[in-house]
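One-letter residues, chain by chain:
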Amino acid sequence: LGVSKYSMMVGSSVTFNAQAFVDGKVYDKALTWSVLGADAEKYELSANGKQAMFKAKNTGYYTIEAKNDLASATCVIKVLTATAKRADTPTVSIENCEVLKWNTVNGINTYEVFIDGQGTKMVTGNTINISDFVSAQSLPYGSTLKVLVKAIAENNFDYIDSYYSLPITRNSIAVLHIIFI
């Protein structure tokens, strides 16, 4: 399918293409398309072999599946209101070189915090200790951590996830830098 998550507005449509491979060769067995766990009156699905068109009539989450006798692939689709707007991007700061803090974004309860080389965490609220990702002792002297925060709209279908915040960095000699990219 090429994607595992997708967002769209209610009433719009998206077309998926699927191709199965076995040992590096195209596997031409027929694909079956379905929408898992959703009432049929809430969506339209028309499929023709390796291609399917999906259109949602209601907001919510839908999981589309393409499968054959060997494998299956799914994509979770978030269907937003026709007037959905992008959530504001959080403004991030670091206090005492240890606590990451950002403003609360209207309509948002969950934030994705990304620290380069350490991964991401989903956070409710608007603070997190950097030590929740990495201990200061594990950082070589002078090393730098790049930190980004993004507002996640989750089950709020009036908003699209925000862009990531401007990156800020914390290095192991307790100096804060702002990097503009």
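Predicted model, so just to flag it, every value in this text is computed and none were measured.

**Some words on the sheet that holds strand β5 (residues 32-36)**
So, point 1. Pairing in this open sheet of 4 strands is mixed, and the strands run β1-β9-β8-β5 from one edge to the other. Two strands in the sheet have a free side with no partner beyond their single neighbour: β1 (5-9) and β5. This sheet shows a mean twist of 25 degrees between the axes of neighbouring strands, independent of strand direction.
So, point 2. The sheet contact formed by strand β8 (residues 60-67) and strand β9 (residues 72-80) spans 8 bridges and is antiparallel. In the sheet register, A66 faces β9, and the bridge partner there is A73.

**A closer look at the pattern of salt bridges**
So, point 1. What the rule picks out here adds up to 1 salt bridge.
So, point 2. Among the salt bridges present, the one from E95 reaches K101, with a minimum N-O distance of 3.4 Å.
So, point 3. You can call E95 partly exposed: its relative accessible area is 35%.

**Brief notes about the side chain of T110**
So, point 1. Tracing the backbone through its elements, the reader meets T110 in strand β13 (residues 110-115).
So, point 2. Taking relative accessible area as the criterion, T110 reaches 7% and is therefore assigned buried.
So, point 3. A distance of 2.8 Å separates the side chain of T110 from the side chain of E154, its partner in a polar contact.
So, point 4. Contacts of T110, omitting those with residues within four sequence positions, involve M122, V123, T124, K150, A151, I152 and E154.

**Quick notes on the nonpolar core**
So, point 1. L100, W102, I108 and V113 are the most contacted members of the largest nonpolar core, which has 22 residues in total.
So, point 2. If we ignore the near neighbours within four places in the chain, the residues touching L100 are V92, S93, I94, V113, N126, T127, I128, I130, V147, V149 and I168.
So, point 3. Formed by 17 residues, the second largest nonpolar core is a distinct cluster that contains F16, A52, F54 and A56.

**Overview of the side chain of S165**
So, point 1. Here S165 lies in the loop between β17 (159-160) and β18 (168-171).
So, point 2. The contacts of S165, once residues within four sequence positions are left out, are T89, P90, V92, L148 and V149.

**What about the sheet that holds strand β7 (residues 51-56)?**
So, point 1. A sheet is described by the order of its strands in space; here 3 strands give the open sequence β2-β7-β6, paired in antiparallel fashion. Every interior strand has two partners, whereas the edge strands, β2 (13-17) and β6 (43-48), have only one. In this sheet, neighbouring strand axes are inclined to one another by 15 degrees on average, regardless of whether the strands run parallel or antiparallel.
So, point 2. Where β2 lies against β7, 5 bridges are found, and the strand directions are antiparallel. Opposite V14, over in β7, you have F54 as the bridge partner.

**Focus on the confidence of the model for the protein**
So, point 1. Residues of the protein with pLDDT of at least 70 account for 87%, and the chain-wide mean is 84.
So, point 2. Within the protein, the lowest mean pLDDT, 38, falls on strand β19 (residues 176-178), and the highest, 95, falls on strand β10 (residues 85-86).
So, point 3. Note on residues 172-181: pLDDT is under 50 here. Beyond four places in sequence and across chains, it has 22 contacts.

**Description of the packing of aromatic side chains**
The geometry of an aromatic ring pair is captured by the separation of the ring centres together with the interplanar angle, meaning the angle of the planes.
So, point 1. According to the stated counting rule, one finds 6 aromatic pairs in the structure shown.
So, point 2. When the ring of Y43 is compared with that of F54, the centres are 6.0 Å apart and the planes differ by 25 degrees; the resulting orientation is stacked. A residue pair is termed long-range when its members are at least 10 positions apart, and Y43 in strand β6 and F54 in strand β7 qualify at 11 residues.
So, point 3. Among the aromatic residues, those joined into a ring-pair cluster are Y43, F54 and Y62.
So, point 4. In this structure, R86 packs its charged tip against the face of Y163, placed 4.2 Å from the ring centre.

**Describing the pairing of strand β12 (residues 99-102)**
So, point 1. Of the two faces of β12, the one lined by L100 and W102 is fully buried and the one lined by V99 and K101 carries no buried residue.
So, point 2. Note that strand β11 (residues 92-95) and β12 share 4 bridges and pair antiparallel. Across the sheet, residue V92 finds its bridge partner in β12, namely W102.
So, point 3. Here β11 hands over to β12 after 3 residues, with N96 in that stretch at a positive phi of 55 degrees.
So, point 4. Pairing analysis gives 3 bridges linking β12 to strand β15 (residues 127-129), with the strands arranged antiparallel.

How each quantity is defined
- Residues numbered from 1 in each chain as written.
- Predicted model: local features only at pLDDT ≥ 70, side-chain atom pairs only at ≥ 80, totals over all residues.
- Heavy atoms only, no water.
- Pairing = 2+ DSSP bridges.
- Helix = DSSP H or I, 4+ residues; strand = E, 2+ residues; numbered from the N terminus.
- Axes fitted to C-alpha atoms, helices over the stretch in contact; angles between N-to-C directions.
- Salt bridge = Lys/Arg side-chain N within 4 Å of Asp/Glu carboxyl O.
- Buried < 20%, exposed > 50% of the residue type's maximum accessible area, 1.4 Å probe, protein only.
- Polar contact = N/O pair within 3.5 Å; in protein donor to acceptor, adjacent residues only side chain to side chain.
- Contact = heavy atoms within 4.5 Å.
- Core = buried A, V, L, I, M, F, W, Y, C linked by side-chain atoms within 4.5 Å.
- pLDDT = per-residue confidence, 0-100.
- Phe/Tyr/Trp six-rings, centres within 6.5 Å; stacked < 30°, edge-to-face > 60°.
- Lys NZ or Arg CZ within 6 Å of the ring centre and 35° of its normal.

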